[in-house]
Amino acid sequence: MSLILNIETSTKNCSVALSNQDNIVDVLEYAGAGYSHAEKLHVFIEQILSDNDISLQDLAAISVSKGPGSYTGLRIGVSTAKALAYALQIPLISVSTLMHLGYKIKEKAYIIPMIDARRMEVYSMVLDKNHKTIRDIQAEIIDKTSFREFLDKEKVYFLGDAVPKIKEVINHPNAVFTDYLYPSAKEMAKFSYEKFLAKDFEDVAYFEPFYLKDFIAVKKR
C-alpha cells in the first residue's frame, strides 16, 4: 500500500483525504462561514486515521495543497503537513490548488479554476479538456472582456469561490458557471500519487506555500 494523507486548507473548506495510491479511501471536510481550520484540521486527521484503523506510521507520504489561496489557511495546512512529514520522516508532496480544483470538471471544454482575491481580483489558470495547462497561474482583475479568447472558441467551465462575483460581470453564451466553489482534498489523490511515484518531493525545512502575492493585513473596523 501507498497510503497518502492529503490536506487542503487554501479556502474556507477544511478538507482531509486518505488515499491508497490514487484511490480515495475516505474524506472529511467542512466549509463553514468562516475559517475553522485551526480547530478542525487536527481533529479531522485523527478521526480519518482512526475510522480506517490506520496509524500515522502507516503513511507513506503527506500531501498538501500549496496555493494560491487564503494566507492563513495555507499557513495552517502547510505547517501541519511539514510537522507530520518531519516527525514521521516521510516525504512531503505539494499539489497546485488550482490544478486539483480544475480536476473536478470532466467535460471536454476549457476549464478555468479560480480563487477569490480582493474586490474584482482573482487567482486563476486555464486548462484544456485534458487538464493540461494552457495558461499558468496569475492574479488578474476581472472585467467583461476577461477570458474572451477562450470563450469565443468553445464552452468554458468556471469554478471556484470567485464564481459568484465573476458571473455578474462575464456575460457570454459559452460561459458555464458551476457550483464547485471550493477545492477538496479528494481531488488531490491523482496528483499526489503521481508525484510520489516520480519522487517529486519538497524540502521540509524550506518549503513555503505559493501565495502568488504578498500578504496584506486589513484592520477590522
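The rules behind these values
- Residues numbered from 1 in each chain as written.
- Predicted model: local features only at pLDDT ≥ 70, side-chain atom pairs only at ≥ 80, totals over all residues.
- Heavy atoms only, no water.
- Axes fitted to C-alpha atoms, helices over the stretch in contact; angles between N-to-C directions.
- Helix = DSSP H or I, 4+ residues; strand = E, 2+ residues; numbered from the N terminus.
- Left-handed = near helix turned anticlockwise from the far one by under 90°.
- Contact = heavy atoms within 4.5 Å.
- Nonpolar A, V, L, I, M, F, W, Y, C, P; charged D, E, K, R; others polar.
- Phe/Tyr/Trp six-rings, centres within 6.5 Å; stacked < 30°, edge-to-face > 60°.
- Buried < 20%, exposed > 50% of the residue type's maximum accessible area, 1.4 Å probe, protein only.
- Core = buried A, V, L, I, M, F, W, Y, C linked by side-chain atoms within 4.5 Å.
- Expected span 1.5 Å × (residues − 1).
- Pairing = 2+ DSSP bridges.
- Salt bridge = Lys/Arg side-chain N within 4 Å of Asp/Glu carboxyl O.

Colleague: What exactly am I supposed to notice about the packing of helix α1 (residues 37-51) against helix α2 (residues 71-88) here?
Modeller: Working note: a packed helix pair is described by the angle between its axes plus the distance between those axes. Packing of α1 against α2 leaves a shortest axis separation of 10 Å and a crossing angle of 35°. Considering how the two elements wind past one another, α1 and α2 form a crossing that is right-handed. Two secondary-structure elements touch here, α1 through His37, Ala38, Leu41, His42 and Ile45 and α2 through Gly73, Ile76, Gly77, Thr80 and Leu84. A breakdown of the residues in the contact of α1 with α2 according to their chemical character gives five nonpolar, five polar and no charged.

Colleague: For this particular structure, what's the right way to read the packing of aromatic side chains?
Modeller: Working definition: an aromatic ring pair is given by the centre-to-centre distance plus the angle between the planes. Inspection of every chain in the model, using the stated rule, returns seven aromatic pairs. Residues Tyr103 and Phe191 carry aromatic rings whose centres are separated by 5.5 Å and whose planes lie at 80° to one another, so their mutual orientation is edge-to-face. With Tyr103 in the loop between α3 (97-102) and β6 (110-116) and Phe191 in helix α6 (residues 189-198), this residue pair connects regions lying 88 residues apart in the sequence. Tyr103 sits in the partly exposed class, given a relative accessible area of 23%. Taking the relative accessible area as the measure of exposure, Phe191 reaches 12% and is therefore buried. Look at Phe158 and Phe177: their rings are 5.4 Å apart centre to centre, the planes differ by 20°, and that puts the pair in the stacked class. Taken together, the residues span a long stretch of sequence, with Phe158 in strand β9 (residues 156-159) and Phe177 in strand β10 (residues 175-177) at a distance of 19 residues.

Colleague: What should I look at first to understand the nonpolar core in this one?
Modeller: Nonpolar side chains tend to gather and get buried jointly when the protein is soluble and globular. Ranked by internal contacts, the top residues of the largest apolar core, which has 25 residues, are Leu98, Met125 and Phe196. Every element with two or more residues in this core is listed here: β5 (92-95), α3, β6, β7 (121-127), β9 and α6. Val16, Leu28, Phe44 and Leu84 belong to the second-largest nonpolar core, a separate cluster that totals 24 residues.

Colleague: How should α1 be read in this particular structure?
Modeller: Residues spaced three or four apart along an α-helix face the same direction, because each turn holds 3.6 residues. Over its 15 residues, α1 extends 20 Å from the first C-alpha to the last, a length consistent with the 21 Å expected when each residue adds 1.5 Å. For α1, the full list of buried residues reads His37, Leu41, Phe44, Ile45, Ile48 and Leu49. Tucked inside the fold, the buried residues of α1 contact β1 (3-8), β2 (13-20), β3 (23-31) and α2. Looking one or two places after α1, you find Asp53, whose phi comes out positive at around 55°.

Colleague: Honestly, the pairing of β2 in this entry has me stumped. Any pointers?
Modeller: Remember that side chains alternate between the two faces of the sheet whenever the strand is regular. Extensive coverage of β2 is indicated by the burial of seven of its eight residues. Two elements, β1 and β2, share six bridges in a ladder whose sense is antiparallel. If you follow Leu3 over to β2, its bridge partner there is Asn20. Connecting the antiparallel pair β1 and β2 is a turn made up of four residues. Pairing analysis gives eight bridges linking β2 to β3, with the strands arranged antiparallel. By the bridge assignment, Leu18 is partnered in β3 with Asp26.

Colleague: Is there a simple way to explain the side chain of Asn6 in this structure?
Modeller: When you line up the elements, Asn6 lands in strand β1. Filtering out sequence-adjacent residues up to four positions away, Asn6 remains in contact with Ser15, Val16, Ala17, Ser19, Ser63, Ala185, Met188, Ala189 and Ser192.

Colleague: Help me understand the pattern of salt bridges, please; the structure alone is not making it clear to me.
Modeller: Pairing between side chains of opposite charge can happen when their charged atoms approach one another. Applying the stated rule across the entire model yields six salt bridges. In this structure, Glu140 engages Arg135 in a salt bridge whose closest nitrogen and oxygen atoms are separated by 3.1 Å. Residue Glu140 is classed as buried on the basis of its relative accessible area, which comes to 14%.

Colleague: I keep staring at the sheet that holds β3 and nothing clicks. Help me out?
Modeller: Strand pairing in a sheet relies on backbone hydrogen bonds, with the paired strands running either antiparallel or parallel. Read across the open sheet, the five strands follow the order β3-β2-β1-β4-β5; overall the sheet is mixed. Unpaired on one side and paired on the other, β3 and β5 mark the two borders of the sheet. Strand-to-strand twist in this sheet, taken as the mean axis angle between neighbours without regard to direction, amounts to 15°. Examined bridge by bridge, β1 and strand β4 (residues 61-65) share four bridges and lie parallel to one another. Pairing of Ile7 across the sheet is with Val64, part of β4. Here α1 sits on the sheet in contact with β1, β2 and β3, set at roughly 25° to β2. Across the sheet, α6 lies against β1, β2, β3, β4 and β5, angled at about 135° from β5, the strand it touches most.

Treat this as a map of the structure, not an account of what it does.
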